[in-house]
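Structure assessment
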Amino acid sequence: MKYNSVFDIIGPVMIGPSSSHTAGAARIGKAARSLFGKEPTWAKIHLYESFSKTYKGHGTDFALAGGLLGFDTDDPRMKDALELAKEQNLKIEFIEDSAAVDHPNTARIIVGNDTESLELVGISIGGGKVEITELNGFELRLSGNHPAILIMHNDRFGAIASVTTILAKYQINIGHMEVNRKDVGKEALMVIEVDQNIDDSILKELDNADHIIQISKIVS
């Protein structure tokens, strides 16, 4: 395994006993909150394999709750996240799921409010690092460790070019990009990891580009 710095070896600054089960879980929860883009009032969290067996003892439950509340991994409020979620009227249900998954540290989060919901699958791959592997039925590969924009769009000629042209205009460098669609000519999902957080004014301009349906973002 290649390490970019000593911090990749010793793990992240965090509250909790395990970088995989606590810091990684918190980042999955926070990614779900960021992509939902508004204050959630409920969440159903399916936990699989190792997450399902040890989530209480390893703090995965409070870490996911803390992420959904927007806490960073080193936030001192993290250990009290379950109680704080109740105080903020965020109802969280944990489900020990026996379905087969590709990675032992897997969580499926369905989060929403009275009118909208979002479904996300995330895995904790070690050292506090995570990958988002599914969003609302679309397969993807998103690290969750870099700023990113996720763009739902119509599968039409020119949709991708309209987005990359705007990013180039503002000198925003793309670190990773992928496009996934369920069928030709239907809805598609564009996932773009970038080197810096993107201003809301740029997101508004992207939202007005050709064939764009919805935009959400993850900040670093």
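So, a few notes on the structure that sits alongside this text. Not measured: the values here are computed from a predicted model.

Brief notes about the overall build of the protein chain
- Helix and strand counts for the protein chain stand at seven helices and ten strands.
- Rg of the C-alpha trace for the protein chain: 17 Å, near the compact-globule value of 17 Å for 220 residues, within the 12% margin.
- By its C-alpha atoms, the protein chain is 50 × 45 × 35 Å across when sized along the principal axes.
- Within the span of the protein chain, comprising 220 residues, buried residues form 45% of the whole.
- With the model as given, the accessible surface of the protein chain reaches about 11,300 Å², and the carbon-plus-sulfur share is 47%.
- Within the protein chain, one finds 22 positive and 31 negative side-chain charges whose respective centroids are separated by 0 Å.

Quick word on the packing of aromatic side chains
- Considering all chains together, one arrives at one aromatic pair under this definition.
- Geometry around Phe36 places Lys38 over its ring, the cationic atom sitting 4.9 Å from the centre.
- Stacked on the ring of Phe138, the Lys or Arg Lys182 has its end atom at 4.6 Å from the ring centre.

Considerations on the pattern of salt bridges
- Taken as a whole and judged by the stated rule, the model has nine salt bridges.
- The partner of Arg33 in a salt bridge is Glu39, and the shortest N-O contact between them spans 3.0 Å.
- A salt bridge links Arg77 to Asp75; its shortest N-O distance comes to 2.8 Å.
- Arg77 gets classed as partly exposed once you look at its relative accessible area, which sits at 43%.
- Overall, Asp75 belongs to the buried group, its relative accessible area being 12%.
- Connected through salt bridges with shared partners, the residues Arg108, Glu119 and Glu134 form a single ionic network.

So, the side chain of Ser143
- One can find Ser143 in the loop between β6 (138–142) and β7 (148–154).
- You can call Ser143 buried: its relative accessible area is 17%.
- A polar contact is formed between the side chain of Ser143 and the side chain of Glu193, at a distance of 2.8 Å.
- In this view, Ser143 contacts Val130, Glu131 and Glu193; residues no more than four positions away in its chain are not counted.

A look at the sheet that holds strand β9 (residues 187–194)
- Spatially, four strands are ordered β8-β9-β7-β10 in an open sheet, and the strand pairing comes out antiparallel. Of all the strands in the sheet, the pair left with one neighbour each is β8 (174–181) and β10 (212–218). Direction aside, the axes of adjacent strands within the sheet are offset by 15° on average.
- Relative to β9, β8 is paired through seven bridges, and the arrangement is antiparallel. Note that in β9 the partner of His176 across the bridge is Glu193.
- Across the sheet, helix α7 (residues 200–207) is in contact with β7 and β10; its angle to β10 comes to roughly 155°.

Conventions adopted
Residues numbered from 1 in each chain as written. Predicted model: local features only at pLDDT ≥ 70, side-chain atom pairs only at ≥ 80, totals over all residues. Heavy atoms only, no water. Helix = DSSP H or I, 4+ residues; strand = E, 2+ residues; numbered from the N terminus. Rg over C-alpha atoms; globule rule 2.2 N^0.38 Å. Buried < 20%, exposed > 50% of the residue type's maximum accessible area, 1.4 Å probe, protein only. Areas by Shrake-Rupley, 256 points an atom, 1.4 Å probe, with all protein chains shown as cover. Lys, Arg positive; Asp, Glu negative; His and termini not counted. Charge placed at Lys NZ, Arg CZ, Asp CG, Glu CD. Phe/Tyr/Trp six-rings, centres within 6.5 Å; stacked < 30°, edge-to-face > 60°. Lys NZ or Arg CZ within 6 Å of the ring centre and 35° of its normal. Salt bridge = Lys/Arg side-chain N within 4 Å of Asp/Glu carboxyl O. Polar contact = N/O pair within 3.5 Å; in protein donor to acceptor, adjacent residues only side chain to side chain. Contact = heavy atoms within 4.5 Å. Pairing = 2+ DSSP bridges. Axes fitted to C-alpha atoms, helices over the stretch in contact; angles between N-to-C directions.

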